[in-house]
Structure formats: C-alpha cells, structure tokens
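# Chains, contacts and geometry: an overview
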Amino acid sequence: MAASSRAQVLRLYRALLRESQRFSSYNYRTYAIRRIRDAFRENKNVKDSEKIEELVNKAKANLEVIHRQV
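Notes on the structure in this doc start here. Remember, it's a predicted structure, so these values are computed and weren't measured experimentally. (Residues numbered from 1 in each chain as written. Predicted model: local features only at pLDDT ≥ 70, side-chain atom pairs only at ≥ 80, totals over all residues. Heavy atoms only, no water.)

### Concerning the layout of surface pockets
We count it as follows: Using protein atoms alone on a 1 Å grid, points that fit a 1.4 Å probe yet trap it form a cavity, whereas open point sets bounded by protein on both sides within 12 Å along at least five of seven lines form a pocket; residues with an atom within 4 Å of a point count as lining. Grid points are joined across faces, edges and corners, and a volume is the space filled by probe spheres set on the points. Numbering of helices and strands runs from the N terminus; a helix is a DSSP stretch of H or I covering at least four residues, while a strand is a stretch of E covering at least two. Amino acids outside the nonpolar list (Ala, Val, Leu, Ile, Met, Phe, Trp, Tyr, Cys, Pro) and the charged list (Asp, Glu, Lys, Arg) are all regarded as polar, and Gly is one of them.
The volume enclosed by the largest pocket comes to roughly 1,000 Å³. Every element with two or more residues in the lining of the largest pocket is listed here: α1 (3–20), α2 (26–42) and α3 (49–69). Among the elements that line the lining of the largest pocket, the one with the most residues is α2, at 11 residues. When its residues are assigned to classes, the lining of the largest pocket shows 20 nonpolar, three polar and nine charged.

Structure representation (structure tokens):
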C-alpha cells in the first residue's frame, strides 16, 4: 500500500473513532466503535488498490452518516 493511501486510511479510521465518541448513548457509542475496529481489522490485509478505494469510499459514507446522527 502506498504511504499516502495508508495515511489516508489512518486519518479516516481516527475520524470515525473520534466522531463515534460523540454518541450520547453508551450502547450506540460502544457498538459503533466495535464495528469500526472490527471492519478495519477484517480488511487490514487487503492489497488490491481498487478494493481499498471501494472500502475507503464506504468508510467516508459511514462517517457522514455518523456525523449526521451525532
């Protein structure tokens, strides 16, 4: 993975976790954090650049959803 895409993925991961911390309900907060961590761990060995781009776009969409819900 190129260094720039790795940095982009890490920024996105941190942004998702940071935004999820803003949920007022403990249950929503812990569920969101657990799902984010599990999804990133599950896909950490993906090497295909097209698949990585697809996953990044999906994560960006999820970040927008979390941002609206918080």
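After presenting the structure, the write-up continues.
### Considering α3
The following threshold applies: By definition here, a helix of n residues has an expected span of 1.5 Å times n minus one. Throughout, exposure labels follow a simple rule: accessible area from a 1.4 Å probe, protein chains only, divided by the maximum for the residue type, with under 20% read as buried, over 50% as exposed, and the rest as partly exposed. In this context, the arc is that of the directions from the helix axis out to the C-beta atoms.
Taking 1.5 Å per residue, 21 residues should reach 30 Å; α3 reaches 30 Å between its end C-alpha atoms and fits that length. Within α3, burial applies to Ile52, Val56, Ala59 and Ile66. Angular distribution of buried residues about the axis of α3 spans 80°; they occupy a single face of the element. For α3, exposure combined with an orientation more than 90 degrees from the buried face picks out Glu50, Lys58, Glu64, Arg68 and Gln69.

### Observations concerning the nonpolar core
We count it as follows: Think of a nonpolar core as a cluster: buried Ala, Val, Leu, Ile, Met, Phe, Trp, Tyr and Cys residues, connected wherever their side-chain atoms sit within 4.5 Å. Contacts were defined at the residue level, with two residues in contact if any of their heavy atoms lie within 4.5 Å.
In terms of nonpolar packing, the biggest core is built from 12 residues, these being Val9, Leu12, Leu16, Leu17, Phe23, Ala32, Ile33, Ile36, Ile52, Val56, Ala59 and Ile66. Of all the secondary-structure elements, those providing two or more residues to this core are α1, α2 and α3. Setting aside residues no more than four positions away along its own chain, Ala32 makes contact with Ser20 and Phe23.

### Concerning the packing of α1 against α3
Heads up, the condition is: Every axis corresponds to a line fitted to the C-alpha atoms, with the helix fit spanning only the stretch in contact, and the corresponding angles, defined between N-to-C directions, vary from 0 to 180 degrees. The labels follow the angle: roughly parallel below 35 degrees, roughly antiparallel above 145, roughly perpendicular from 65 to 115, and oblique for the rest. Here is the rule for handedness: rotate from the far helix to the near one, and if that takes an anticlockwise turn smaller than a right angle the crossing is left-handed, while a clockwise turn gives right-handed.
In contact at an axis separation of 10 Å, α1 and α3 are set at 20° when each is read in the N-to-C sense. Viewed along their axes, α1 and α3 adopt a mutual orientation that is roughly parallel. α1 and α3 meet at a crossing whose hand is left-handed. Contacts between α1 and α3 pair Gln8, Val9, Leu12, Ala15, Leu16, Glu19 and Ser20 from the former with Val56, Ala59, Lys60, Asn62, Leu63, Ile66 and His67 from the latter. In the contact of α1 with α3, the residues fall into eight nonpolar, four polar and two charged.

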